[in-house]
Amino acid sequence: MQISRYDDSVKFDALLLPLREEDCANLPDLSDEVRGIVSYLVSRRDFTGKKGSAVRVPMSGSPANVYLIGLGRKAKCTANVVRESLASALRTTGRQHNKSAYVVLSHLKGYDGLGFAFGEASGFCGYVFDKYKAKGDDYEPFALTHIYSDVFDDGINTGLKFAEAQIYSREIANEPGCAVWPAVMAEKAQSLADECGLKCEVWDEERLRAENAGGILAVGSGSKNPPRLIHLTYKPENAAKKIAVVGKGITFDSGGLNIKPDSYMLTMKGDKTGACNVLGIMKGVASLGLNVEVHGFLTCAENMPSGSSYRPDDIITARNGKTIEINNTDAEGRLVLADALCVASELKPDVIIDMATLTGACAVALGKYRAGLFCNDDELAGKILASSERRGEPYWRMPLEDENIAESLKSPYADLVNSGERYGGAIFAALFLKEFVADGIAWAHMDIAGVDFNDKERGIYPKGASAFGVRTCLDYIAGL
């Protein structure tokens, strides 16, 4: 998407006018024709500026269409509201054959991060995953290619880069298991490394055995597609901090021998979202040229049932030597993350962040629009929550201290069991992961189950993979 500063010589197909309720009584500077039409609609209360409302006015000249976008009351209107509302309106604009649009924003100056949010909305508006759909005679591609605005600052370009990073993750997360398996994830990581100047190291099954990565090997043992641990490195000179980001990359999750019911397998192509998000974050970090050393780990396996699958009652050994009794092969994400958290800890980073579609319990607790955050460091938690607020990706900090749940991690036959009882399942999983983070390292675990997939369009999100958390992590890293 190309974004340019508006001037009086610009010709455009559509004019987008986002208005708060109070703006309807004091319209921004507009042409006499547009002002007259908007004033008429406001006087009839056909448009009041109510949040979520939108009115399209076909015109006979230029612009061909005027779109009125309601932002709600001024006291509750934030840059996040502007981002969501503009993304929806620009998506509609592009689908209704408008090739160019002018977005009036000058009356909204004063909102912190307005240009940034506008850049994100512009970058997101045209994305849809439809590569496998036939393009027949009635196919109408997204038309919008150029957006003009009367507000133009450096934040717009940064917002576009944040959107590009998240879309990169979405594109891979949306791919089905027949198109993406662990070796393909490794290929995509290498391609990204070549594009962005990153270092890429891939551990195949032989290297995983040599490195004692028992969790990843066990989970991948039932599939004809062997597992991979992928390590991407972005290392600028004189970096201010060292960060490791770890993502769960189960390219398809059948549940293994504890097989899922058929309806629960739908969308399990998305169980690789955490790893896809790491790819998006690494792309964003390189694109933004951040002065932070960042290591991205993708823990990729396919969890399938077969004669070679790992079994309930098996005891496996993770990289740090801790033994794990398997009591549920569908609690596999924490096993692959365990090995990667060990490897990340060995780098002695300042911070480790892991992202995973880990537990249905977290989705039950928080719903489909908010992710869970577990953290062993109050300062780190505060910074991540501040970043999530700026980027409109809400998290809720969950407890990481529970003596009773911690007691249930113990096994009579091994150091740990991999699954606990139904209640407190998200806390159990977080406490399990904590066992594989070295002492003294600030660590955050993001359970993005529930927010990783959208069944309908809303705001910046199309149907399908959301890549929730990419922009929160980028915002946090950019602030170091």
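Presented here is an overview of the structure given in this document. (Residues numbered from 1 in each chain as written. Predicted model: local features only at pLDDT ≥ 70, side-chain atom pairs only at ≥ 80, totals over all residues. Heavy atoms only, no water.)

A separate point is the overall build of the protein. Across its full length, the protein carries 15 helices and 19 strands. Whereas a compact globule of 480 residues would reach a radius of gyration of roughly 23 Å, the protein reaches 24 Å, a difference of no more than 12%. For the protein, the spread of C-alpha atoms along the three principal axes comes to 80 × 50 × 45 Å. Residues counted as buried form 56% of the 480 residues belonging to the protein. For the protein, the proportion of contacts with a sequence separation of at least 24, taken over those separated by at least 6, is 78%. As presented, the protein carries roughly 20200 Å² of accessible surface, and 48% of it is formed by carbon and sulfur atoms. (Helix = DSSP H or I, 4+ residues; strand = E, 2+ residues; numbered from the N terminus. Rg over C-alpha atoms; globule rule 2.2 N^0.38 Å. Buried < 20%, exposed > 50% of the residue type's maximum accessible area, 1.4 Å probe, protein only. Contact = heavy atoms within 4.5 Å. Areas by Shrake-Rupley, 256 points an atom, 1.4 Å probe, with all protein chains shown as cover.)

Moving on, we come to the sheet that holds strand β11 (residues 315–317). Overall, mixed pairing links the three strands, which are arranged β11-β12-β16 in an open sheet. In this open sheet, the two edge strands, each paired with only one partner strand, are β11 and β16 (416–417). Note that strand β12 (residues 323–325) and β16 share two bridges and pair parallel. Residue pairing for β16: Glu325 is matched across the bridge by Val417. (Pairing = 2+ DSSP bridges.)

Moving on, we get to the packing of aromatic side chains. Here the structure, examined in full by the defined rule, presents seven aromatic pairs. With a centroid separation of 4.9 Å and 80° between ring planes, the pair formed by Phe116 and Phe162 is classed as edge-to-face. Taken together, the residues span a long stretch of sequence, with Phe116 in helix α3 (residues 114–124) and Phe162 in helix α4 (residues 154–173) at a distance of 46 residues. Grouping residues by exposure puts Phe116 and Phe162 together as buried. (Phe/Tyr/Trp six-rings, centres within 6.5 Å; stacked < 30°, edge-to-face > 60°.)

Under the 1.5 Å per step criterion, the end-to-end length of α4 is 30 Å for 20 residues, consistent within 8% with the ideal 28 Å. You can read the cap of α4 off the contacts: a side-chain oxygen lies 2.9 Å from the backbone nitrogen of Gly155, and it is on Asp153. (Expected span 1.5 Å × (residues − 1). Polar contact = N/O pair within 3.5 Å; in protein donor to acceptor, adjacent residues only side chain to side chain.)

Where helix α9 (residues 273–288) meets helix α15 (residues 470–478), the closest approach of the two axes is 9 Å, and the angle between their N-to-C directions is 40°. With respect to their mutual orientation, α9 and α15 come out oblique. Judged by the twist between their axes, the crossing of α9 over α15 is right-handed. On α15, the residues touching Asn277, Gly280, Ile281, Gly284 and Val285 of α9 are Val470, Cys473, Leu474 and Ile477. Class assignment for the residues of the contact of α9 with α15 results in six nonpolar, three polar and no charged. (Axes fitted to C-alpha atoms, helices over the stretch in contact; angles between N-to-C directions. Parallel < 35°, antiparallel > 145°, perpendicular 65-115°, else oblique. Left-handed = near helix turned anticlockwise from the far one by under 90°. Nonpolar A, V, L, I, M, F, W, Y, C, P; charged D, E, K, R; others polar.)

Attention now goes to the environment of Arg228. Within the secondary structure, Arg228 is located in strand β8 (residues 228–234). Aside from chain neighbours lying at most four places away, what touches Arg228 is Pro182, Ala183, Val202, Trp203, Asp204, Glu205, Leu208, Leu298, Thr299 and Cys300. Side-chain polar atoms of Arg228 contact the side chain of Glu205, separated by 2.7 Å.

Moving on to the environment of Ser411. Examined against the element boundaries, Ser411 turns out to sit in the loop between α13 (403–407) and β16. Each C-alpha atom, one on Ser411 and one on Lys235, is 41 Å from the other, the two residues being 176 residues apart in sequence. Of note is the side chain of Ser411, whose polar atom sits 2.5 Å from the side chain of Glu325. Within the structure, the side chain of Ser411 is placed 3.1 Å from the backbone nitrogen of Ala414, a separation counted as a polar contact.

Once that is clear, we can look at the state of the cysteines. Applying the stated criterion across every chain yields a total of zero disulfides. Here Cys77 stays free of any disulfide, with the sulfur of Cys24 as its closest cysteine sulfur at 12 Å. For the unlinked cysteine Cys375, the closest cysteine sulfur is that of Cys473, found at 12 Å. The exposure class assigned to Cys375 is buried, which follows from its relative accessible area of 4%. (Disulfide = S-S within 2.5 Å.)

For the rest of this paragraph, the subject is the nonpolar core. Counting residues in each nonpolar core, the largest one holds 89 residues, and the members touching the most others are Met185 and Leu232. Among residues more than four places away in sequence, those in contact with Leu232 are Ala189, Leu192, Ala193, Leu198, Lys199, Cys200, Leu279, Met282, Val294, His295, Gly296 and Leu298. The next biggest cluster of nonpolar side chains, apart from the first, holds 50 residues, and it includes Ala244, Ala318, Cys342 and Phe432. (Core = buried A, V, L, I, M, F, W, Y, C linked by side-chain atoms within 4.5 Å.)

Look at α4 against α15: their axes get within 9 Å of each other, and the N-to-C directions meet at 135°. Regarding the angle of α4 to α15, the classification is oblique. Classified by chirality, the crossing of α15 by α4 is right-handed. On the side of α4, the interface is formed by Phe162, Ala165, Gln166 and Ser169, while α15 contributes Val470, Arg471, Leu474 and Asp475. For the contact of α4 with α15, the residue count by class is four nonpolar, two polar and two charged.

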